[in-house]
Amino acid sequence: MSLIAEARTAAGISQEELALRAHTSQPTLSAYENGRKSPSLATTERLLAETGHRLTIAAEITFTQLLTSRGRPFWVPDHLPRLPLRRALATLTPPLHVNWSTPGMKFDLRDRAERVHLYEIVLREGKPADILTYVDGALLLDLWSELVLPRDIRAAWDEVIEVLQESA
């Protein structure tokens, strides 16, 4: 889904309504959403503003793959991701490669204990895309002392956590 379509859908408005608000046509908006036309930056900003959103710049997160003392790979980011609030506190079912021990289990991330459990699993088993999907940096910082992690994983993540704690 395109950025414009995602913002429009999140705002709960139709293409027709957004086109009217942004002073463009519905066919042009459809072409933007479906990649048949590319809007200018100014047009994108105008369309997003009409949905109650704005463009922002975020530093790209890069990951380093490390190995535990037992040779199991795990990933550590150079800084922590922030998630939209709706995603950070969602109820979700992680994929099998992340949660292979209890497949199909749902996690309500509004519940602190369930969030602790999921974060432990993701930090041990997750790949970069999983960390970006499920782990919110501010919430991780808040939970850090409660997480039960293998020593190698905790030590590697400690460096990222310490940088965040110093800047907070």
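Structure: see above.
Notes on the structure in this doc start here. (Residues numbered from 1 in each chain as written. Predicted model: local features only at pLDDT ≥ 70, side-chain atom pairs only at ≥ 80, totals over all residues. Heavy atoms only, no water.)

## Quick notes on the layout of surface pockets
In this structure, the largest pocket spans a volume of roughly 800 Å³. The wall of the largest pocket is formed by 21 residues, among which Leu-3, Arg-54, Thr-56, Pro-84 and Arg-87 lie closest to the centre. Elements represented by at least two residues in the lining of the largest pocket include exactly helix H1 (3-11) and helix H5 (85-88). Looking at the lining of the largest pocket residue by residue, the classes come out as 13 nonpolar, three polar and five charged. Quantified by volume, the second largest pocket comes out at close to 200 Å³. Forming the walls of the second largest pocket are Thr-68, Ser-69, Arg-70, Arg-72, Pro-73, Phe-74, Arg-124, Glu-125, Pro-150, Arg-151, Asp-152 and Ile-153. Listed by contribution, the elements that provide at least two residues to the lining of the second largest pocket are strand S2 (73-77), helix H6 (112-125) and helix H9 (151-167). Examining the composition of the lining of the second largest pocket, we find that three residues originate from one element, H9, more than from any other. Along the lines of polarity and charge, the residues of the lining of the second largest pocket split into four nonpolar, two polar and six charged. (1 Å grid on protein atoms, 1.4 Å probe; cavity = no way out; pocket = protein on both sides within 12 Å on 5 of 7 lines; lining within 4 Å. Points joined across faces, edges and corners; volume = space filled by probe spheres on them. Helix = DSSP H or I, 4+ residues; strand = E, 2+ residues; numbered from the N terminus. Nonpolar A, V, L, I, M, F, W, Y, C, P; charged D, E, K, R; others polar.)

## Some details on the side chain of Asp-130
Mapped onto the elements of the fold, Asp-130 is located in helix H7 (residues 128-134). Buried within the structure, Asp-130 lacks any salt-bridge partner; Lys-127 is the closest side chain of opposite charge, at an N-O distance of 5.6 Å. Here the side chain of Asp-130 touches Lys-127 through a polar contact of 2.9 Å, landing on its backbone nitrogen. If we skip the residues at most four places from it in the chain, Asp-130 touches Pro-95, His-97, Val-98, Val-122 and Val-135. (Buried < 20%, exposed > 50% of the residue type's maximum accessible area, 1.4 Å probe, protein only. Lys, Arg positive; Asp, Glu negative; His and termini not counted. Salt bridge = Lys/Arg side-chain N within 4 Å of Asp/Glu carboxyl O. Polar contact = N/O pair within 3.5 Å; in protein donor to acceptor, adjacent residues only side chain to side chain. Contact = heavy atoms within 4.5 Å.)

## So, the pattern of salt bridges
Counted according to the given criterion, the structure contains seven salt bridges. Salt-bridge contacts for Arg-82 lead to Asp-136; the nearest nitrogen and oxygen are separated by 3.0 Å. Highlighted residues: Arg-82 in the loop between S2 and H5 and Asp-136 in the loop between H7 and helix H8 (137-143), separated in sequence by 54 residues. Under the relative-accessibility criterion, Arg-82 is labelled exposed at 60%. In this structure, Arg-112 engages Glu-146 in a salt bridge whose closest nitrogen and oxygen atoms are separated by 2.5 Å. Of the two residues, Arg-112 is situated in helix H6 and Glu-146 in the loop between H8 and H9; the sequence distance between them amounts to 34 residues. Under the relative-accessibility criterion, Glu-146 is labelled partly exposed at 36%. The structure contains a network of salt bridges with shared partners spanning Arg-112, Asp-142 and Glu-146.

## Here's the deal with H1
Inspection of H1 places Ile-4, Ala-5, Ala-7 and Arg-8 among the buried residues, and these make up the whole buried set. Buried residues of H1 fall within an arc of 165° about the axis and therefore sit on the same side. If you follow the buried residues of H1, they end up packed against helix H2 (15-22), helix H3 (26-33) and helix H4 (41-50). Residue Gly-12 follows H1 closely and has a positive phi angle near 70°. (Arc of directions from axis to C-beta.)

## So, the packing of aromatic side chains
This model, assessed by the stated rule, comprises zero aromatic pairs. The ring of Trp-144 carries Arg-154 above its face, with NZ or CZ at 4.5 Å from the centroid. (Phe/Tyr/Trp six-rings, centres within 6.5 Å; stacked < 30°, edge-to-face > 60°. Lys NZ or Arg CZ within 6 Å of the ring centre and 35° of its normal.)

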